[in-house]
Amino acid sequence: MKNKSALILLLAANIISGFAQGISMLAIPWYFTSMLGKNSFFGIVYLVITFASVFWSLYAGTLIDRHSRKKVFISINIAGAVILGSVAGFGFYTGNVPVSLVILVFGATIFIYNVHYPTLYAFGQEITEQKNYGKINSFIEVQGQATTMFSGAFGAILLAGTTHCIINIIGFRIHLPFDIVPWSLQKIFLMDGITYLIALVLIGSIKYVSAENLEIHTGSVKERIQMGIDFLKNKPELFFFGIVTLSIFIVLIVEDRLLMPLYVNNHLQQGADVYASSGIYYTIGAIFSGFFIRKIFKNTNAVKAIIVLMIITIIILLTTSFTRSIAVFFAFSLLIGLTNAGARILRITYLFERIPNNRMGRTGSVFSVISTLTQVCFIGVFSIPFFSIGSHVTWAYFIDTIFICVCLFVLVSQYKKLTSEKLFF
């Protein structure tokens, strides 16, 4: 495999920076929901930030195709280190992090996330031979999902601490020789800022040779965006595939950042330990999927495999909607970790084989914009105070089920066209 050392450094940097992103993107929602009791307010903030990221995602795709992916990575890690380090410094100086700065960190992390993963996949494609696309996507998915979820769970525990030296991990009560004292937000943000700096050093050390030499388009931003749109216009089946196969991911993102804290706190009436444990179960599912999903479906095409994973997701969402069981919730976390990671691996590999690398950023940004707009719609609906009352959050899970059912219908209807060889570039 070419560029093996570059890939190792890329994955290592992704693990470290992903740790920072995971803590910020999962611990902050728990902070607003459980510790401040301001879920509806956070929902509105999340809605505004997500809507703003639509325009950023569209522009980010042109940056990824126009500039060195290494330089893009360096830039976002510098931004993360400066923002989180500055907020942490302010917190230590004043003794408190105001809500406005917590929102700043959350918003900045989302903006970084929206350029981080498209750049990561495009970079991975650029330095990898086509025959190894599936393997590299599996590596990226395993370490990325595992790092993000573990770090988010870790962040929630740091925020809440433990009581009487007991912590509930994956359903087991573990007696610790000490209590975990809750960390202040400034300590958490300082740790996150340091991880960005470490990732920056690793990215700066990468040396590579592109596996494929493709023309870099240097037109205006508008022209570059239009080229991505035109490419998908000529391949409508690919366009529909790219959208509907994001359904599990869309549901997961909204569930993680908005619904899961409510489900655990209001519906299950449990604490940060259960919330953290769900992340561990998710990680187990994602890791299993990363290692075995291609082997499980080795005799099945990617489209059919994703259809199966969507059906499994529908079943577990429906079950979770109408139960009040911690065991079912943990099973849900495990299985959605498996189905989301599996669908992402199969989806990205399918797209890699059909979209040239010099168009990956722009076509990816089109999918990202539609995904983000869909998230905006869900966030807007789920931010209504109705879903914050008692167990009403379970209706949000039921709505998610209907959404994936609709996407599944579209995917099945396009099955024959999507398995046609004409879609290869």
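Rules used in this analysis
Residues numbered from 1 in each chain as written. Predicted model: local features only at pLDDT ≥ 70, side-chain atom pairs only at ≥ 80, totals over all residues. Heavy atoms only, no water. Core = buried A, V, L, I, M, F, W, Y, C linked by side-chain atoms within 4.5 Å. Buried < 20%, exposed > 50% of the residue type's maximum accessible area, 1.4 Å probe, protein only. Contact = heavy atoms within 4.5 Å. Helix = DSSP H or I, 4+ residues; strand = E, 2+ residues; numbered from the N terminus. Expected span 1.5 Å × (residues − 1). Axes fitted to C-alpha atoms, helices over the stretch in contact; angles between N-to-C directions. Parallel < 35°, antiparallel > 145°, perpendicular 65-115°, else oblique. Left-handed = near helix turned anticlockwise from the far one by under 90°. Nonpolar A, V, L, I, M, F, W, Y, C, P; charged D, E, K, R; others polar. Phe/Tyr/Trp six-rings, centres within 6.5 Å; stacked < 30°, edge-to-face > 60°. Lys NZ or Arg CZ within 6 Å of the ring centre and 35° of its normal. Patch = residues over 30% accessible without salt bridge, like charges linked within 9 Å, V, L, I, M, F, W, Y side chains within 5 Å. Areas by Shrake-Rupley, 256 points an atom, 1.4 Å probe, with all protein chains shown as cover. Salt bridge = Lys/Arg side-chain N within 4 Å of Asp/Glu carboxyl O.

## Things to note about the nonpolar core
- Grouped together as the largest cluster of nonpolar side chains are 120 residues, with contacts concentrated most on Phe-189, Phe-329 and Leu-411.
- If sequence neighbours within four positions are ignored, Phe-189 has contacts with Ile-28, Leu-84, Val-87, Ala-88, Val-97 and Val-105.

## Things to note about the environment of Thr-283
- Inspection of the secondary structure assignment puts Thr-283 in helix H10 (residues 272–296).
- In this structure Thr-283 comes out as buried when scored by relative accessible area, which is 1%.
- Through-space distance from the C-alpha of Thr-283 to that of Leu-335 is 9.9 Å; in sequence the pair is 52 residues apart.

## Examining helix H4 (residues 99–126)
- For H4, with 28 residues, the first-to-last C-alpha span of 40 Å sits near the 40 Å given by 1.5 Å per residue.
- Of all 28 residues making up H4, 23 are buried, and the element is well covered by its neighbours.

## Comments concerning the packing of helix H11 (residues 302–321) against helix H12 (residues 326–352)
- Running from N to C, H11 and H12 point in directions that differ by 160°, and their axes come no closer than 9 Å. Taken together, the axes of H11 and H12 lie roughly antiparallel to each other. Here the hand of the crossing between H11 and H12 comes out left-handed. Contact residues: Ala-302, Val-303, Ala-305, Ile-306, Leu-309, Ile-312, Thr-313, Ile-316, Leu-317, Thr-319 and Thr-320 in H11; Val-328, Phe-332, Leu-335, Ile-336, Leu-338, Thr-339, Gly-342, Ala-343, Leu-346, Arg-347 and Tyr-350 in H12.
- Tallied by class, the residues present in the contact of H11 with H12 amount to 16 nonpolar, five polar and one charged.

## Here we look at the packing of aromatic side chains
- Under the defined criterion, the tally for this structure stands at 22 aromatic pairs.
- Between Tyr-263 and Tyr-397 the ring centres are 5.0 Å apart and the planes differ by 50°, which places this aromatic pair in the tilted class. Taken together, the residues Tyr-263 in helix H9 (residues 247–267) and Tyr-397 in helix H14 (residues 393–413) connect sequence positions 134 residues apart. Both residues of the pair, Tyr-263 and Tyr-397, count as buried.
- Note on Phe-322 and Phe-398: the rings are 5.8 Å apart at their centroids and 65° apart in plane angle, and the pair reads as edge-to-face. With Phe-322 in the loop between H11 and H12 and Phe-398 in helix H14, the pair connects residues that are 76 residues apart, well separated along the chain.
- Here Phe-322 falls in the exposed class, since its relative accessible area comes to 55%.
- Accessibility expressed as a relative area gives 27% for Phe-398, which makes it partly exposed.
- Three or more aromatic residues joined by ring pairs form one cluster here, namely Tyr-31, Phe-32, Phe-41, Phe-42, Tyr-46 and Phe-106.
- The side chain of Arg-347 reaches across the aromatic face of Phe-367, ending 5.4 Å from its centre.

## Some words on a nonpolar patch on the surface
- Together, Leu-318, Phe-322, Val-381, Ile-384, Phe-386, Trp-395 and Ile-399 line one region of the surface with nonpolar side chains, adding up to about 620 Å² of accessible area.
- Along the polypeptide, Trp-395 turns up in helix H14.

## A few points about the environment of Gln-125
- When you line up the elements, Gln-125 lands in helix H4.
- For Gln-125, a relative accessible area of 3% puts it in the buried group.
- Here the alpha-carbon distance between Gln-125 and Thr-349, two residues 224 residues apart in the chain, equals 9.5 Å.

## Overview of H14
- In a regular helix each residue adds 1.5 Å, so 21 residues correspond to 30 Å; H14 covers 31 Å between its end C-alpha atoms and thus fits that length.
- Along H14, the positions that sit buried rather than exposed are Val-393, Thr-394, Ala-396, Tyr-397, Asp-400, Thr-401, Phe-403, Ile-404, Cys-407, Leu-408 and Leu-411.

## Looking at unusual backbone geometry
- One non-glycine residue, Gln-269, lies in the positive phi region at around 55°.
- By the secondary structure assignment, Gln-269 is in the loop between H9 and H10.
- Judged by relative accessible area, which is 61%, Gln-269 ranks as exposed.

## So, the pattern of salt bridges
- The final tally for this structure, using the stated rule, is one salt bridge.
- The salt bridge involving Arg-354 is made with Glu-353; its shortest N-O contact spans 3.2 Å.
- For Glu-353, a relative accessible area of 25% corresponds to the partly exposed category.

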